[in-house]
Amino acid sequence: MSTPALDTVDLGDPATFADHDLDGFWRTLRDTAPMHWNPPVDGRRGFWVLSRYDDIMATYRDNVNFTSQRGNVLVTLLEGGDAGAGRMLAVTDGPRHLELRKILQRVLSPRVLDEVARTVRINTRQWIREAVGSGGCDFAERIASRIPMTTISNLLGVPERDRDYLLSLTKTALSADDEDVDEVDSEMARNEILMYFMDIVEERREAPGDDVISMLIGSAVDGVPLSDEDVVLNCYSLIIGGDETSRLTMIDCVRTLAAHPEQWRRLKRGEVAIETAVDEVLRWASPTMHFGRSVERETELHGVRLRPGDIVTLWHASGNRDERVFARPGEFDLGRTPNKHLAFGYGPHFCVGSYLAKVEIAELLKALRDFTLGFEQTEEALPIRSNFLTGFSTMPVRFTPDHSGLRECG
Ligand code: HEM
């Protein structure tokens, strides 16, 4: 694929990402147009595009001049707002955001997640063992779809029988695994998730458990208990935030390791620390290509006056490849340090699920290292269609078992 001319790229259109290799486009923006204007298309508003790491960090940090309350991704920003504004953590700002964040941080802290992390480890090792034993599989379906959904469902106390249903909804809600899925289908899926949690919240009010939903029901912000809607919106946030991003990262991890045997050998021989490798997997995958903000107060960036209501988008897809910050950014290097990537954002809205996501990716890497000698991709993978997420919905692989590893490691 060739690098498209700047004025022909519409970053609002999901097809752009399927049809173009944008590496050259991003490099050109970083070098020559760090404050790029994506013009209006077909009645849709235009928006600013930030591609440099430092600009992205500075904007994430600045929740005085920029707000998340009118949406934090293109879909909602372009619609003019998010229905969860002021109630769902990611699209709430100010003191309420701080209070709500404290509640979610408590349930997603390393100490509280100890037991959850143990279950992630047991499940991941069992599923990888089984997949290796059967020779090969669609890694996306058999493993990557199960790890995050099982984990977040366990946290929320979602019954096992409902998990496949929720998985199909989360796949439709944000990205399209299927070309026939359009924005109307995605919106219906998002509404269905909300209705599903409405029912669960009602049940938990009657019969509380020791899950996150029951904990949210018992929580208050500024002395006022969270309403059913508040609880539902934050469950939605957790299931959407916790499932698809981690799933796409794991799929990308396997694809990239299969394509970089020298990096795989470093991992296999124990030459790189797992935590270091996890960060490079995240930088490389950058599953959320962008987040965005609305301008709250008039401000200036690169000599451009930004007016209240303007939309500014922050592209991890570019910032995580910024040669001003990362040496050889186009090289996948599992031993890369330092590696202060932007995959989890930055500042007041930095991902609250980052520890959990890292645990999931680390356990995947360990299980692959222990149970396989290597693996190869056997067919083309299917890219998803989205202007927000990037990755693949299938990943057919064949494993070479490590028989001594399978014997020795439980
Ligand atoms: C926020 C990425 C996993 C829940 C964010 C943000 C990013 C991000 C970039 C910042 C959004 C913004 O500034 O507007 C990722 C990636 C993940 C991941 C790449 C996996 C590889 C998770 C998991 C959970 C989660 C596992 C839940 C268990 C959230 C929530 C927020 C958030 C609730 C909002 C935080 C706030 O506004 O204070 N995530 N995330 N994420 N993430 Fe994640």
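A brief report on the enclosed structure follows. (Residues numbered from 1 in each chain as written. Predicted model: local features only at pLDDT ≥ 70, side-chain atom pairs only at ≥ 80, totals over all residues. Heavy atoms only, no water.)

Regarding the site of the ligand
Part 1 of the argument: Of all residues adjacent to the ligand, which total 30 residues, the nearest are His-97, Arg-101, Arg-293, His-349 and Cys-351.
Part 2 of the argument: Mapped by element, the contributors of at least two residues to the shell around the ligand are helix H5 (94-107), helix H12 (228-259), strand E7 (290-295) and helix H16 (354-371).
Part 3 of the argument: For the shell around the ligand, the element with the most residues is H12, which contributes seven residues.
Part 4 of the argument: Its residues assigned to classes, the shell around the ligand comprises 15 nonpolar, 13 polar and two charged. (Near = heavy atom within 4 Å. Helix = DSSP H or I, 4+ residues; strand = E, 2+ residues; numbered from the N terminus. Nonpolar A, V, L, I, M, F, W, Y, C, P; charged D, E, K, R; others polar.)

Looking at the sheet that holds strand E11 (residues 372-377)
Picture the strands of a sheet paired through backbone hydrogen bonds; they go either parallel or antiparallel.
Part 1 of the argument: Ordered by their spatial adjacency, three strands build an open sheet running E4-E12-E11, and the pairing between neighbours is antiparallel. Bordering the open sheet on either side are strand E4 (136-138) and E11, each of which pairs with just one other strand. Strand-to-strand twist of the sheet, defined as the mean angle between neighbouring strand axes without regard to direction, takes the value 25 degrees.
Part 2 of the argument: Note: E4 against strand E12 (residues 396-401), three bridges, orientation antiparallel. Considered in E12, the bridge of Gly-136 is made with Arg-398.
Part 3 of the argument: Contacting E4, E11 and E12, helix H6 (residues 114-133) runs over the sheet at an angle of about 90 degrees to E12.
Part 4 of the argument: Against the sheet, H16 touches E11 and E12, its axis set at about 110 degrees to E11. (Pairing = 2+ DSSP bridges. Axes fitted to C-alpha atoms, helices over the stretch in contact; angles between N-to-C directions. Contact = heavy atoms within 4.5 Å.)

Brief notes about the coordination of the iron atom of the ligand
Part 1 of the argument: Coordination of the iron atom of the ligand by the protein comes from a single atom, Cys-351 (SG), at 2.3 Å.
Part 2 of the argument: Secondary-structure assignment places Cys-351 in the loop between helix H15 (316-319) and H16. (Donors = N, O, S within 2.8 Å, 3.2 Å for Na, K, Ca; no water.)

Observations concerning the side chain of Thr-16
Part 1 of the argument: Relative to the assigned elements, Thr-16 resides in helix H1 (residues 14-19).
Part 2 of the argument: One polar contact links the side chain of Thr-16 to the main-chain carbonyl oxygen of Asp-10, over a distance of 2.6 Å.
Part 3 of the argument: Aside from chain neighbours lying at most four places away, what touches Thr-16 is Val-9, Asp-10 and Leu-22. (Polar contact = N/O pair within 3.5 Å; in protein donor to acceptor, adjacent residues only side chain to side chain.)

A few points about the nonpolar core
Part 1 of the argument: With 87 residues, the main nonpolar core has Phe-139, Leu-156, Phe-197 and Leu-365 as its most contacted residues.
Part 2 of the argument: Among the elements that make up this core, the one with the highest residue count is H12 (13 residues).
Part 3 of the argument: Apart from residues no more than four positions distant in its own chain, Phe-197 is found in contact with Leu-156, Val-158, Leu-166, Ile-213, Val-232, Cys-235, Tyr-236 and Ile-239.
Part 4 of the argument: Listed in part, the 22 residues of the second largest apolar core include Met-35, Trp-48, Leu-301 and Val-304. (Core = buried A, V, L, I, M, F, W, Y, C linked by side-chain atoms within 4.5 Å. Buried < 20%, exposed > 50% of the residue type's maximum accessible area, 1.4 Å probe, protein only.)

Comments concerning the sheet that holds E7
Part 1 of the argument: Judged by pairing direction, the sheet is mixed, and its five strands sit side by side in the order E1-E2-E10-E7-E3 without closing on themselves. Pairing within the sheet leaves two strands with one partner each, and these edge strands are strand E1 (35-38) and strand E3 (66-67).
Part 2 of the argument: Looking at chain direction, E7 and strand E10 (residues 311-315) are connected through five bridges and run antiparallel. If you follow Arg-293 over to E10, its bridge partner there is Val-312.

A look at the packing of H12 against helix H13 (residues 261-268)
Part 1 of the argument: Packing of H12 against H13 leaves a shortest axis separation of 5 Å and a crossing angle of 105 degrees. In terms of orientation, H12 lies roughly perpendicular with respect to H13. For the pair formed by H12 and H13, the contact residues are Leu-257, Ala-258 and Ala-259 on the first element and Pro-261, Gln-263, Trp-264 and Leu-267 on the second.
Part 2 of the argument: A per-class count over the contact of H12 with H13 returns six nonpolar, one polar and no charged. (Parallel < 35°, antiparallel > 145°, perpendicular 65-115°, else oblique.)

As for the packing of H6 against helix H8 (residues 147-156)
Part 1 of the argument: The contact between H6 and H8 brings their axes to 10 Å, and the two run at 150 degrees. One element, H6, and the other, H8, form an angle in the roughly antiparallel class. As for how H6 packs across H8, the hand of that crossing is right-handed. From H6, Val-116, Thr-119, Val-120, Asn-123, Thr-124 and Trp-127 reach across to H8, where they touch Ile-147, Thr-150, Thr-151, Asn-154 and Leu-155.
Part 2 of the argument: Residues belonging to the contact of H6 with H8 are distributed by class as follows: five nonpolar, six polar and no charged. (Left-handed = near helix turned anticlockwise from the far one by under 90°.)

Overview of the pattern of salt bridges
Part 1 of the argument: Counted by the stated rule, this structure contains 30 salt bridges.
Part 2 of the argument: For Glu-271, the salt bridge is made with Arg-269, and the minimal N-O distance between the two is 3.1 Å.
Part 3 of the argument: Residue Arg-269 is classed as exposed on the basis of its relative accessible area of 55%.
Part 4 of the argument: One salt bridge connects Glu-331 with Arg-328, and the closest N-O pair in it is separated by 2.8 Å.
Part 5 of the argument: With a relative accessible area of 43%, Arg-328 lands in the partly exposed category.
Part 6 of the argument: Taken together, the shared-partner salt bridges connect Arg-30, Asp-31, Asp-322, Glu-323 and Arg-324 into one network. (Salt bridge = Lys/Arg side-chain N within 4 Å of Asp/Glu carboxyl O.)

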